[in-house]
Amino acid sequence: MNLAKRVKTLSPSSTLAITAKAKELKQQGHDVIGLGAGEPDFNTPQYILDAAMEAMNDGRTKYTPSGGIAELKDAIVNKFQTDNQLSYRPDQIIVTTGAKHALYTLFQVLLDETDEVIVPTPYWVSYPEQVKLAGGNPVFVTAKEDNHFKMTPQELEAAITEKTKAVIINSPSNPTGMMYTKAELKALGEVCLKHNILIVSDEIYEKLIYTDDEHVSVAQLSQELNEHTIVINGVSKSHSMTGWRIGYAAGPQEIIKAMTNLASHSTSNPTSIAQYAALAAYEQAGDTTLEEMKKVFAERLEMLHALLNDIPGVSCIKPKGAFYLFPNVKEAASNCGYANVDDWVAALLEEEKVAVVPGSGFGSEDNIRLSYATSTEALKEAAERIKQFVIKHQ
Ligand code: PLP
């Protein structure tokens, strides 16, 4: 079959691929520990399930406006005001089929052929592919591990050309868990304003921070930056609602309007029932689920971080948010006789039945990503298996 050029170079998501491989081995009866998951191992809170049931029973099961139901847009406007001191009008918000589709739609409406988008590396796997699908070119800027994987303003500026349309900022980050400070964001923002480029600020992990560091949105820092920023967020990670597929974008009305037009021809609307569920997620006061989830994640982070750093040839910076660790395993892989980390990861799955995601999928060949959104016992066991694997092969 002669498929379209645009999908010929498309790589499948490496995180979903490793999760599928781990599932397959499990089904064959192997005792596999999967650390590939990008989703909380908590159920969606009951009050959210109840709201969805109620919506279904009330017959709220029909098409909705393409950009989302008015009640949910209002709730998102309130969320931005309360959490981020950002004032948006409802016509500056679009509700989408997950944050992933907000980003996809955004790049579709922003990019013309050969337009460039700066993607700091390590990056979330879908950014480069989405940019390419929209006809654009991702331009990678390596954010150094020594600088906790944070891009500096100088590195950003050096990558800007006449074709640069936007830069992606993802804080807290998947895969590294790092966060930019307010001062760092301000400095990056100034470079963007100087060159008149847009900022795509992916804030999906906003609620999952385990230090005293405060989440800052670059859109908060000045009116001018606000006008140059599209904020991406959603309920997938904050409310353990990955399968419901509700995300959103907020930004300049012209961009949101174009995205809404495009959505009207692609998804029509995000699932009606899921929108009512997300509405409950934002409207319910006194929800303690997030706090409980954060407490468990924070404990797991402490534990796994220490266990990983105890493995010969493995070094791991301490993340501040999200639910991933991104250790450098180059030395461990080479001590084990593997030419690259990808092969080491494949052998680890084959021999020890531990599934981690190779850093190459995130543009960082020396690292691996482990998700701690899995039980504490499984994490302990996984760390032990990795250690034994490294010792055995040295
Ligand atoms: N952005 C980042 C950085 C992510 O890690 C993810 C999910 O893994 C998304 C966006 C997409 O979130 P959603 O499940 O709402 O599409």
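Structure: above.
Residues numbered from 1 in each chain as written. Predicted model: local features only at pLDDT ≥ 70, side-chain atom pairs only at ≥ 80, totals over all residues.

Student: Give a detailed account of the site of the ligand, specifying residues and quantitative values.
Tutor: Taken together, 13 residues are adjacent to the ligand, and G98, A99, K100, N174 and S236 come closest. Counting residues per element, the shell around the ligand draws most heavily on helix α5 (residues 98-110), at 3 residues. The class makeup of the residues in the shell around the ligand is 3 nonpolar, 8 polar and 2 charged. (Near = placed C-beta within 6 Å. Helix = DSSP H or I, 4+ residues; strand = E, 2+ residues; numbered from the N terminus. Nonpolar A, V, L, I, M, F, W, Y, C, P; charged D, E, K, R; others polar.)

Student: If you had to explain the sheet that holds strand β9 (residues 324-325) to someone new, which residues and values would you point to?
Tutor: Overall, antiparallel pairing links the 3 strands, which are arranged β9-β12-β11 in an open sheet. The open sheet has two edge strands with one neighbour each: β9 and β11 (357-358). In this sheet, strand β12 (residues 368-371) lies alongside β11 in antiparallel orientation, the contact comprising 2 bridges. In the strand pairing of β12, V357 is matched with R369. (Pairing = 2+ DSSP bridges.)

Student: Just give me the short version of helix α3 (residues 46-57), but keep the residues and values in it.
Tutor: Helix length check: α3 (12 residues) gives 16 Å between terminal C-alpha atoms against 16 Å at 1.5 Å per residue, within 8%. Every buried residue of α3 is accounted for by I48, A51 and A52. Projected down its long axis, α3 carries its buried residues within an arc of 100°, all on one side. Residues of α3 that are exposed and point over 90 degrees away from its buried face: Q46 and N57. The inward-facing, buried residues of α3 abut α11 (272-283). Phi turns positive, to about 80°, at G59, one or two residues after α3. (Expected span 1.5 Å × (residues − 1). Buried ≥ 20, exposed ≤ 12 C-beta atoms within 10 Å, placed from the backbone. Arc of directions from axis to C-beta. Contact = placed C-beta atoms within 7 Å.)

Student: Could you give me a rundown of helix α15 (residues 376-393), with the residues and numbers involved?
Tutor: Compared with the 26 Å implied by 1.5 Å per residue over 18 residues, the 26 Å span of α15 between its first and last C-alpha is a close match. Those residues of α15 lying buried are L379, A382, A383, I386 and V390. Looking down the long axis of α15, one finds its buried residues gathered within 100° of arc, a one-sided arrangement. α15 presents E377, I391 and K392 as exposed residues on the side facing more than 90 degrees away from its buried surface. Buried residues belonging to α15 abut β1 (33-34), α12 (289-309), α13 (330-335), α14 (341-352) and β10 (354-355).

Student: Which residues make up unusual backbone geometry, and what values do they have?
Tutor: Put simply, S171 and P172 share a cis peptide bond, and its omega is -10°. At H148, a residue that is not glycine, the phi angle is positive and equals roughly 50°. On the secondary structure map, H148 appears in the loop between β4 (137-142) and α7 (153-159). We classify H148 as partly exposed; it has 17 C-beta atoms within 10 Å. You will see that S268, though not glycine, has its phi angle at about 70°, which is positive. Mapped onto the fold, S268 is located in the loop between α10 (253-266) and α11.

Distances and angles like these do not, on their own, reveal function.
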